[in-house]
Structures are given as C-alpha cells and as structure tokens.
Amino acid sequence: MACAVSVADRLGEGLQCQSAKPSEPHRLKIDVLANQEEGMVVGSSMSMRSLNDPMNVGFENVSYSVTEGFFNRGTKLLLNGVSGEFMGGELTAIMGPSGAGKSTLMNILAGYTIGASGQLTINKELRHENSFRRESCYIMQNDQLQPLLTVMESMNVAANLKMSSEVSRRKKREKIEEILNSMGLWQQRKVRTQALSGGQRKRLSIALELLKNPQIMFFDEPTSGLDSLTSKQCVSILKDLSATGRTIICTIHQPSALIFEMFDHLYVLAKGHCVYQGAVKQLLPYLSDINLICPPYHNPADFILEVAAGDLGDHFDALLERSANGTRDDWREVKKDIVDPLASCSSKTITKNRLTPFSIPQVIFRRMKSSDRDKNDETSTCCQSDYATSSLHQLLVLIKRNYIILSRDRTLTYSRIATHLLIALFIGYLYYGIGIKAQNMLNNFNYMYFSVMFLMMTAFNCVSTTFPSELPIISKEYFNKWYSLKSYFLAVTLADVPIQVFATLLYSSITYFLTKQPTDEPYRIVFFMFMCVLVSLVAQSFGLLIGASMNVKNGVIFGPFCFLPFTIFSGFFVQYSAAHPMFRWIFHISFLKYGLEGLVLAVLGYGRGKLPCEADYCHYVHPRKFLRNMDMDKADYWLGVSFMVFLIAIIRIAAFFALSIQVRSRT
C-alpha cells in the first residue's frame, strides 16, 4: 500500500463520514425528465423522502445443485441453504473464493438460472417472476454489444424497444442525451461500440438498461478487465445508482481497498454457504471477535478471501455458525429515513459534494405487491404485456437495426455480393455461349448443376454463423425484456433475404446471359432466376437452422454433411431409374433435385425446339431427348416450386424453435 494509513483506519474514516450529521439534508441534484410511461414529472432537486419504499431483494434457504458426469452421474451442491436480504438504496457486493457460488447466487436472484430450491422474496413477500423481470435488469460480465452500431444508434434502438411507443421521439431523445451526459458518453455518441474502451463499454451497457429505469440492477463482475482507475469510476457509478434508491447487487473479485470501501453491504460466500452478511465497516470487528485480526496495511477484501478460502486456517465452521448461513443481520447498517448519497463512504472519495462527475436519472418506484402474485398467467398476459412495445413495433425497430448492421458488415454483405459477382464472371466466361449449341448440352447441364451447388453453399455459409455469434447478445437482450424471440427471428430472416436475393439474381443474370441461354421467351429467364432464388433461400433456411442449433465449430463440420444426401440424390450423379428401389424415396425429398430440374426445365423444357449442331454428330439435338435420358421428361416445375416453398417454411419454423431452446437454456 502506498498510503501510510491502514485500511482499518480508512474504514474508520468511513464510519465518521457516515455518522457525521450534515447541517442540512443532502439532496441529490438531478434533472428528472418527463416520462409518460413511468409517471415522472419535470423537476430539479428531489428529496429521497418523497419516494415510496424501495424494493428489497430477499432469499431464504436457497440451494442449488448441478449434475456431473455422463456415465457415473452425480450431483454437485453449489449453494446450500443460504439466506439474506439486499436492501434498496444500498450497493451490495457478493464476494467469495473461486467456486464459492457467487455467480450462481447472482444468476438465481436475477432469475437467469432456474431450478433452485428455497424462496425468493421482494419486501418480505414472495415475488412474481414476470413482475420482477419488468422491474430489474442483469448486466453480465462480458459487455454484449452490437459492434457495428454507434453509441447513439445503440441508445436509439434500446429507447425504441424499452420505452413505450406513446412516448414522443423528442422525449426519447432528451432522455438519451441526459443518460449519455450522465455516463460521460456524449462525446463518444458517434463512435462504434467496437472502438470503445472497456470502461466506456461498461458505462454504455449501464446506460442502455437505464432507459427502462429499473429498480433492481444486477452486475456480474462489473470491474472485470478494467484497470484500477476505470474500475473505481465504474463502482462510483454503481454507488450513485444505489444513492437514487435502486437496489444494486454485484459480484466482485478482489477489489482494491478504495473500491471495497465504496460498498454499503457485503455478502461473503464460502463452500456454498454464507459466512458473513453485513456492512463493510463491520467486517473487521466481526472477524476480530473470532481472533481473525486483519494486519495493518492489508486490504480487508483480500483478508476475507484468504479467510474464506482457508489459507489462514480452518475457520469455516465458526464463521458459518456466527452468520447462521446468512439469516443473522446483526452487522447490518441501520438505514436512515433519508437516503444519503454521501453515506457509507470514505471522505477521500467525496469531491465537491459529488461521488462521481456523473448524475444518474432518478427512479420512481412502483412497489410490487402480493396481489401481483395472485394474478394468474392468463390475466397477466391479457392485461399487461411483458414488453414495452408491440411485436410489430419490435419487428420494425429490429429490421432497421439489422439493415444498419448489414450495411456495415463487410463479410456478410460486401464479401457475399463480391463473391457472387466474381464467380458469375468466371463461370460465365468459362461456359461462354454453351447454351445455344447442341454439342455443349452436357456442359450446359454441368453449368446448371454448379449453379445449384454454388448458390446452396454460399447461402448456407453466410448465415450459419449469424446466431452463434449473436447468441450472447440475444440472450442478454431477451432476458432483459427488450423484445420477444419471435420479433427478433423475423427481423433477422427478413433483413437478410433481400441481400441474398440480390446476390443470387446478380449471379444468375450474369451467367444466364454470358452462357447465352434462350432469351426469345422471357418466361424462361424468370423461371430460371426464380428457381435459383428458391434454392438459395432453402439453403439459407438450413443455415439458420444449423446456426440456431450448434456453435460455429460444430456447424462447420455437420452443416455440409447434412447436404450430402441431397447432393447424391440430386439427379446429377445417379438418375432415379438407375437407383436401387430402397433409395428412390430420397429423390422425392431432395431439394437439390427439384432445383436442378427447375433450371433444366426453364432452359430446355416447355417444347424448346431443335438446337443447332456444329460438330460431326450431336446426340442431344432435341432437348426432349436429353430430358428423357435424365429422367426429367415427366418433371413438374411447379411441383418443385411448391415443395421448396413448403421446405423454406418448415425449416425456418424449426430454426425458430431451435433458437428458442438455445436462448432459454442460457437464461
């Protein structure tokens, strides 16, 4: 430690700071914006006395275990009957050694992990999960942000999704500007999130959730990956948030002494049990009562972790008995009638009567009552939606966001278009003019098969990584009630379809005219391009299904493998009449067969006349002879269209359910 004062003395200074009576009650100077959906009014200085009671998050006898092993299945107990209560207006830290159950307890309290035994309460009453989720948010350790959006664009999307559509655009802009100024991000409003520093990304994550004005906020390792100065600024923001009356709960790992002093309440876990619950400044007296003396110049946060980990001897039973697994609150700080934003802090952290240069928007409480719990699910669904806006509004906002992302995505947009253009020029000149000569009939068939395979693979590969890469972002936004999965899935699929269709038409039109396919009958051009689009959309649907079901690594391996049966039974390698009867049924479900037949019929079918022959002998002067040899003389173009449209719908529905399972398994 660089300072000459022990940490215990600094904790003593915090005690003096809190016990000192100011000459007049401190008032939090915050400009409150008008918010129609929250019932806010425009004001300047507002005393916390005028607010309703805060929301206290409680839990009683909570236990949670997980299954381990595959053949010899067993269970591992992560939490064992812990209890406690985290008060509104306090900044609470959950600490403990690795594997003590910090993140597990946080996830259970936030509702992110289900299946735990015990009771979860709000203000001593059993909580209703839907109501609780509307009043809370969970900011995870890794800041899951859309990298291609700017700060202002991210805030606009969040405002349009999290604030009622009845709120005017002007009010939304004012609130966005207020929050960005409060978080010190106004100067970075035009910077893309991928270019932000770690501290700025953390502040942006908080700013996005403040648009909903949550009463309870959970933070998983908010200082992870940040330097000491940025960590201090981040915790200072959380301190200000708690000073407005919000319930702020976070897990933290080995904070510095200065950061440790800023917390109001401490909850320490060891081996899945609670070994301390109380005020930060009561920690050292609590430990000294059982002859655990923190050395001078030693960080109390490090000391309690060493004690909990057993590095200083086995004191687990004594600590557990003393805390009664979290049921005793003898060391909790007594709350004042007025929430003082300068309370429970070292005087060294106070500068110009402010904890930080930020001003946090005020919160208006809507206390959750037991009557909410008594409502059945049907009544709750009819009377109050889980989301601030309608599904149609969510869809429009998400489509706009996806178009912005796609317009800046070099891989998913520009590379896809460039690939189709370059391959089209290459194939077009490679097979230049083969469409009008009878001696090139087989080469023309090869061209159409290559087109089907190329469109299939490019459409599949371009979207198979969409869901795996965005799954953490989807999970966070869905859990925090930004939008429904139905709206997100429709937006993703609808936004990408125009780009895929454009790339497909670019390839098919260039190759069609360069290979000199028939142009005297325009319907052939339409049929050819329409079937190319259907092939790409079916493959894109498969890509969505694989992406929603697997991670990127498994998708790269198993995705192309799924196309193998369709490729073999496409009619190119083996015809229907030559196949063994036990395998012929596969021809009827191969979309590549219908796609190849559609292209061949568009070019050679529907009574196309005799082709010119410039060689000594041309076996396929009459196109119908070629169709007969390929078992396509009885093929039906519109049957193929109907099957592929049906396949697109079925696969995309399956992809939606796969995505739902993936997201809900993570929340």
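Predicted model, so just to flag it, every value in this text is computed and none were measured.

K.L.:
Is there a simple way to explain the overall build of the protein chain in this structure?
P.N.:
Counting its regular elements, the protein chain contains 23 helices and twelve strands. Taken across its 667 residues, the protein chain has 56% of its residues classed as buried. Here the contacts in the protein chain between residues at least 6 apart in sequence split such that 78% fall between residues at least 24 apart. Carbon and sulfur atoms make up 56% of the accessible area of the protein chain, which totals about 29,300 Å².

K.L.:
Looking at this structure, how should I read unusual backbone geometry?
P.N.:
Across residues other than glycine, the phi torsion is negative in most instances, and most of the peptide bonds are trans. Positive phi outside glycine occurs at Asn-213, with the angle close to 55 degrees. Secondary-structure assignment places Asn-213 in the loop between α6 (198-210) and β9 (216-220). Since its relative accessible area comes to 4%, Asn-213 is described here as buried. Positive phi outside glycine occurs at Ala-324, with the angle close to 55 degrees. Following the sequence through the fold, Ala-324 ends up in the loop between α11 (316-323) and α12 (370-374).

K.L.:
Looking at this model, I keep getting lost on the sheet that holds strand β5 (residues 91-95). Mind explaining?
P.N.:
The pairing of strands in a sheet happens through backbone hydrogen bonds and is either parallel or antiparallel. Taken in spatial order, the six strands line up as β8-β9-β10-β5-β11-β12 in an open sheet, and their pairing is mixed. Each having just a single partner strand, β8 (136-139) and β12 (273-279) make up the two edges of the open sheet. Neighbour-to-neighbour, the strand axes of this sheet turn through a mean angle of 15 degrees, independent of strand direction. Strand direction decides the pairing type here: strand β11 (residues 265-270) and β12, joined by six bridges, are antiparallel. Counterpart to Leu-269 in the pairing with β12 is Cys-274.

K.L.:
Even after reading the chapter, I still don't get helix α2 (residues 102-110), so can you show me in this structure?
P.N.:
Each full turn of the α-helix corresponds to 3.6 residues, which orients residues three or four apart in the same direction. Of all the nine residues making up α2, eight are buried; the element is thus mostly covered by neighbouring parts of the structure. Every buried residue of α2 is listed here: Lys-102, Thr-104, Leu-105, Met-106, Asn-107, Ile-108, Leu-109 and Ala-110. The first or second residue beyond α2 is Gly-111, which carries a positive phi of 85 degrees.

K.L.:
I would appreciate a short explanation of the state of the cysteines in the present structure.
P.N.:
In protein structure, a disulfide is the covalent linkage between the sulfur atoms of two cysteines. Within the structure shown, the criterion is met by one disulfide. Two residues share a disulfide in this structure: Cys-613 and Cys-618, whose sulfurs sit 1.7 Å from each other. Disulfide Cys-613 to Cys-618: torsion about the S-S bond roughly 80 degrees, handedness right-handed. Judged by relative accessible area, Cys-613 falls into the partly exposed class, the value being 34%. In this model Cys-250 remains outside any disulfide bridge; the closest cysteine sulfur is found in Cys-234, 8.4 Å from its own. Assessed through its relative accessible area of 0%, Cys-250 is described here as buried.

K.L.:
Teacher, can you tell me more about the packing of aromatic side chains here?
P.N.:
Aromatic rings in a pair are described by how distant their centres are and how their planes are angled relative to each other. Overall, the coordinates contain 39 aromatic pairs when judged by the stated rule. Seen from their ring centres, Tyr-523 and Phe-527 are 5.6 Å apart, and the 70 degrees between their planes marks the pair as edge-to-face. One end of the pair is Tyr-523 and the other is Phe-527, both in helix α19 (residues 522-549) and four residues apart, which spans about a single turn. Measuring from centroid to centroid gives 5.3 Å for Phe-569 and Phe-587, while their planes differ by 85 degrees, and the two rings are edge-to-face. One end of the pair, Phe-569, is in the loop between α20 (552-568) and α21 (591-604); the other, Phe-587, is in the loop between α20 and α21, with 18 residues separating them in the sequence.

K.L.:
Is there a simple way to explain the packing of helix α16 (residues 441-463) against α21 in this structure?
P.N.:
To characterise two packed helices, one gives the angle between the axes of the helices and the distance between these axes. Running from amino to carboxyl end, α16 crosses α21 at an angle of 135 degrees, the nearest separation of the two axes being 10 Å. Between α16 and α21, the interaxial angle falls into the category oblique. The way α16 lies across α21 gives a crossing that is right-handed. Every residue of α21 that contacts α16 at Met-441, Asn-444, Phe-445, Met-448, Tyr-449, Ser-451, Val-452, Met-453 and Met-456 is listed here: Phe-591, Leu-592, Gly-595, Leu-596, Leu-599, Val-600, Val-603 and Leu-604. The class makeup of the residues in the contact of α16 with α21 is 14 nonpolar, three polar and no charged.

Rules and cut-offs
- Residues numbered from 1 in each chain as written.
- Predicted model: local features only at pLDDT ≥ 70, side-chain atom pairs only at ≥ 80, totals over all residues.
- Heavy atoms only, no water.
- Helix = DSSP H or I, 4+ residues; strand = E, 2+ residues; numbered from the N terminus.
- Buried < 20%, exposed > 50% of the residue type's maximum accessible area, 1.4 Å probe, protein only.
- Contact = heavy atoms within 4.5 Å.
- Areas by Shrake-Rupley, 256 points an atom, 1.4 Å probe, with all protein chains shown as cover.
- Pairing = 2+ DSSP bridges.
- Axes fitted to C-alpha atoms, helices over the stretch in contact; angles between N-to-C directions.
- Disulfide = S-S within 2.5 Å.
- Phe/Tyr/Trp six-rings, centres within 6.5 Å; stacked < 30°, edge-to-face > 60°.
- Parallel < 35°, antiparallel > 145°, perpendicular 65-115°, else oblique.
- Left-handed = near helix turned anticlockwise from the far one by under 90°.
- Nonpolar A, V, L, I, M, F, W, Y, C, P; charged D, E, K, R; others polar.

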